[in-house]
Number of protein chains: 2
Amino acid sequence: MSEEPVGGDLSRLRQLNASAVLRELRGDQPLTLTELSKRTGLSRASTEDVARDLLGRGWLAEVAPASGSVGRPARRYRFNAGAGRLLGVDIGGHKALALVTDLDGEVLNQTRITVDPEAGRRERLAVMDRCVAKALAGAGVEAGQIWSTGVATTGLVDGSGKVMLSDSLPEWSGVDLAAHVRRLVPGPVRVENDCKLAALAETWRGVARYAKDVVFLLAGLRTGAGLIIDGKLHRGFANWSGEIGALPAAGWLQAPKHLESWLENASTSAGFESVFLAAREGDRDATRAVRGYVRDLAVGASALVLTLDPQLVVIGGGFSRSADVMVEPLRRELDRWCLRTPEIRVSAFADEGVALGAVRLALDEVEATIRTGLRP
Amino acid sequence: MSEEPVGGDLSRLRQLNASAVLRELRGDQPLTLTELSKRTGLSRASTEDVARDLLGRGWLAEVAPASGSVGRPARRYRFNAGAGRLLGVDIGGHKALALVTDLDGEVLNQTRITVDPEAGRRERLAVMDRCVAKALAGAGVEAGQIWSTGVATTGLVDGSGKVMLSDSLPEWSGVDLAAHVRRLVPGPVRVENDCKLAALAETWRGVARYAKDVVFLLAGLRTGAGLIIDGKLHRGFANWSGEIGALPAAGWLQAPKHLESWLENASTSAGFESVFLAAREGDRDATRAVRGYVRDLAVGASALVLTLDPQLVVIGGGFSRSADVMVEPLRRELDRWCLRTPEIRVSAFADEGVALGAVRLALDEVEATIRTGLRP
């Protein structure tokens, strides 16, 4: 909010009143001043005062009066999701993906640039910068219009937005992503681990919308997990939750080896999809390789399920596109180990899920600001 | 609250006012009517009205005026924890333990009766009934004075207070504990798994008071876990959380076998404590057996830690009395597998921790009632 389009100081009380009005208008329904006054508990005069001010700042928009009302219809107001823009960035081993959205999270532009997994830190950051610039240009948005930014990255992230440890990209450990992105856009920048944000995206816009306790499994070149507990992203004491894969007994370290062996024997230069493709076509060795992969994946997944007893397990990541050959074997393995096998769903996102979670993180920041009072 | 000592209907509004006053007085500080009026937002007259009523019902008590005040000192009031009684019961394989407390959870009587692990369901229930009757008599309390009851049991419990599944006591599966205990005492009866309640007790009165994310490990004849997440007991979708022990890869199924083998070789009829005793005295085989036990325990414990990244691990259960020979090896094993080894603390409870958790469950019920309005 450091680049608010229309300036001017708000007293603390007016800030709180404005927050109360905005909170009510974050719902889908436009409201009249009378309704707003009733819901916020503010006097009619204060409500009018606040609404006029927020209209001037562009935060509210007037909606055409409801038809069919008798007499002069009352004006209705809604939150103006177009007042500002959000940026969500996913930077990983193989790609940078940036989303520019409005304040409701509606995507205005999605830009994806491939990165060489072998790229060094500087090169990877440069690709990310290009990706952000292209997404902004594609959405017709100036950097200054971005109110809040979320960044998803591979690796463990500390509270300040620095990457603490990345197994898959060792040169990435130690990069201060928050500081780097703050040079590109104004406003708050929050950084979070990609599995955690993928989980968040599933509860926000994905297949886990109805569930309060969710285990999200990233099944792909890496295996990872993100946890939603009691409707909230579970981070843990040092933000290192979901790392069951580090435990050899959980099977995730060795899981991809079944697929790698098949690729070696088939001496193909094709990607992992080819194993799933071959399994789908009935190749016995490929089927065996997929089963082996799922068997190992299921041990760690069962550990998560037995620990948390979630309502739902969501499978995402690159291999989730081969869900048709993976989900039934996985369910059978979970049945083998779990006291209660939860529902299993496959992510409906292509590869934008993680970046959408980053947008949700940026939106959390905006909503927290609305809740606690607007910054001038 | 179905057996309130002083009867009479409260209108809904008066109930809410009374709830507001009681909520404020649940803190440690006695308050004057002026302070109560300010904190609750009620008028002075309403506050006086409510206070008089609650005094009459025995819910409030007057405290001697603060000394040193100028003029006539104002009367101060506190919550009367003696207005009602709570009952906490722990029924397990080897014992029944009952606590009778006041509404602050201060223990008035603790009664323990040993049960034969081979006892049938009826016999075990009869011992529990005797234990409750003895605890009530010991506290000089009539069953009718019990406002709320918590029951801890081995096994998985459903939402209605029925034991769904007990591995250690197969004959116990299916027993409707809530219905049974309701025949003994009036008021609400809640039933919960013993590991979960032990975890709750640690955050309430034990070594985990300061922590928001806690893994409680029950290390004893059985191995189990209870999870506190974000300051609350984590139950899971079907109340089956913490059951990592069911996964063979977690090591808990085989962990006690190291100790059993030592006991067999030593051909002693002494209990498990003798292994720890021998290890403490430097017996090499016993030390090896304890290490083997800890090594297996640590795999499942690491799975919990890597999943949740808790601030604290608390070791409870019978073997926790041998913490001096167990904690350091456990810490080393956790260091081996975990990305971040949390602080490890040993429960300070003897064997009343689980029953204390049951009291906390009973108290939750009373406080929920105070929050949402008193029942007449």
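Treat the numbers as computed from the prediction; the structure is a model and nothing was measured.

Chemist: What exactly am I supposed to notice about the overall build of chain A here?
Modeler: The number of helices and strands found in chain A is 11 helices and 15 strands. Rg of the C-alpha trace for chain A: 23 Å, near the compact-globule value of 21 Å for 376 residues, within the 12% margin. Across its three principal axes, chain A shows a C-alpha extent of roughly 75 × 45 × 40 Å. Relative to its 376 residues, chain A shows a buried fraction of 57%. Nonlocal contacts in chain A, meaning residues at least 24 apart in sequence, comprise 66% of its contacts between residues at least 6 apart. Of the roughly 15,900 Å² that chain A leaves accessible, carbon and sulfur atoms contribute 48%. Charge separation in chain A, taken as the distance between the mean sites of 47 positive and 47 negative side-chain charges, equals 4 Å.

Chemist: Could you clarify how one ought to interpret unusual backbone geometry in this entry?
Modeler: Trans is the prevailing form of peptide bonds, just as negative phi is the prevailing case for residues other than glycine. All names here are of chain B. Backbone geometry places Asn 239, a non-glycine residue, at a positive phi of 70°. Here Asn 239 is to be found in the loop between β13 (232-233) and α7 (255-265). Here Asp 309, not a glycine, exhibits a phi torsion of approximately 50°, which is positive. By the secondary structure assignment, Asp 309 is in the loop between α9 (284-308) and β14 (312-316).

Chemist: What exactly am I supposed to notice about the sheet that holds strand β10 (residues 189-193) of chain A here?
Modeler: Whenever strands of a sheet pair, they do so through backbone hydrogen bonds, lying parallel or antiparallel. Residue and element names in this part refer to chain A. The strand order β6-β5-β4-β7-β10 describes an open sheet built from 5 strands, whose pairing is mixed. Of all the strands in the sheet, just β6 (107-114) and β10 have a single pairing partner and so form its edges. Along the sheet, successive strands turn relative to each other by an average axial angle of 15°, direction set aside. Two elements, strand β5 (residues 95-102) and β6, share 7 bridges in a ladder whose sense is antiparallel. Residue pairing in the sheet places Val 100 in a bridge with Asn 109 of β6. Seen against the sheet, helix α6 (residues 194-204) touches β7 (146-153) and β10 and runs at an angle of roughly 100° to β10.

Chemist: Is there a simple way to explain the relation of the copies chain B and chain A in this structure?
Modeler: For the pair of chain copies, the relating transformation is a rotation about an axis with a translation along it. When chain B is brought onto chain A, the operation consists of a screw motion whose angular component is 180° and whose axial shift is 0.1 Å, with 0.1 Å RMSD remaining. A rotation of that kind, with that shift, is consistent with a two-fold axis. Rotation axis and chain B: the residue whose C-alpha lies nearest the axis is B:Ala249, separated from it by 3.0 Å. Here 100% of the contact residues of chain B are again contact residues in chain A; the copies associate through an equivalent surface.

Chemist: Whenever I open this one, the domain arrangement of chain A confuses me. Can you help?
Modeler: When the parts of a complex come together, some accessible area is lost, and that lost area is often used as the size of the interface. Residues and elements named next belong to chain A. One can read the domain layout of chain A as domain 1 (12-82), domain 2 (84-199 + 353-372) and domain 3 (209-346). Buried area between domain 2 and domain 3, summed over both chains or domains, comes out near 1,300 Å², and the portion from carbon and sulfur atoms is 61%. Looking only at domain 2, the three residues that lose the most surface to domain 3 are Leu 156, Cys 195 and Lys 196, adding up to 43% of its buried area. Counting across the interface, domain 2 meets domain 3 through 2 salt bridges. With a shortest N-O distance of 2.7 Å, Arg 222 and Asp 194 are connected by a salt bridge. Across the domain 2-domain 3 interface, the total number found is 7 residue pairs in polar contact (both at pLDDT 80 or more). Mapped onto the side of domain 2 that touches domain 3, the elements with two or more residues apiece are β8 (156-157), β10 and α6. No other element matches α6, which puts 5 residues into the side of domain 2 that touches domain 3. Here the residues of the side of domain 2 that touches domain 3 are counted per class, giving 7 nonpolar, 3 polar and 4 charged.

Chemist: Teacher, can you tell me more about the confidence of the model for chain A here?
Modeler: Close inspection of predicted coordinates is inappropriate for parts of the model with low pLDDT. With 94% of its residues at a pLDDT of 70 or more, chain A shows a mean pLDDT of 89. Here residues 1-9 of chain A is a poorly scored stretch, pLDDT under 50, and it has 26 contacts once near neighbours within four places are set aside; other chains count.

Rules and cut-offs
Residues numbered from 1 in each chain as written. Chains lettered and ligands numbered in written order. Predicted model: local features only at pLDDT ≥ 70, side-chain atom pairs only at ≥ 80, totals over all residues. Heavy atoms only, no water. Helix = DSSP H or I, 4+ residues; strand = E, 2+ residues; numbered from the N terminus. Rg over C-alpha atoms; globule rule 2.2 N^0.38 Å. Buried < 20%, exposed > 50% of the residue type's maximum accessible area, 1.4 Å probe, protein only. Contact = heavy atoms within 4.5 Å. Areas by Shrake-Rupley, 256 points an atom, 1.4 Å probe, with all protein chains shown as cover. Lys, Arg positive; Asp, Glu negative; His and termini not counted. Charge placed at Lys NZ, Arg CZ, Asp CG, Glu CD. Pairing = 2+ DSSP bridges. Axes fitted to C-alpha atoms, helices over the stretch in contact; angles between N-to-C directions. Least-squares fit on C-alpha atoms with pLDDT ≥ 70 in both. Domains from an automatic or database assignment. Buried area = accessible area lost by both parts, 1.4 Å probe. Salt bridge = Lys/Arg side-chain N within 4 Å of Asp/Glu carboxyl O. Polar contact = N/O pair within 3.5 Å; in protein donor to acceptor, adjacent residues only side chain to side chain. Nonpolar A, V, L, I, M, F, W, Y, C, P; charged D, E, K, R; others polar. pLDDT = per-residue confidence, 0-100.

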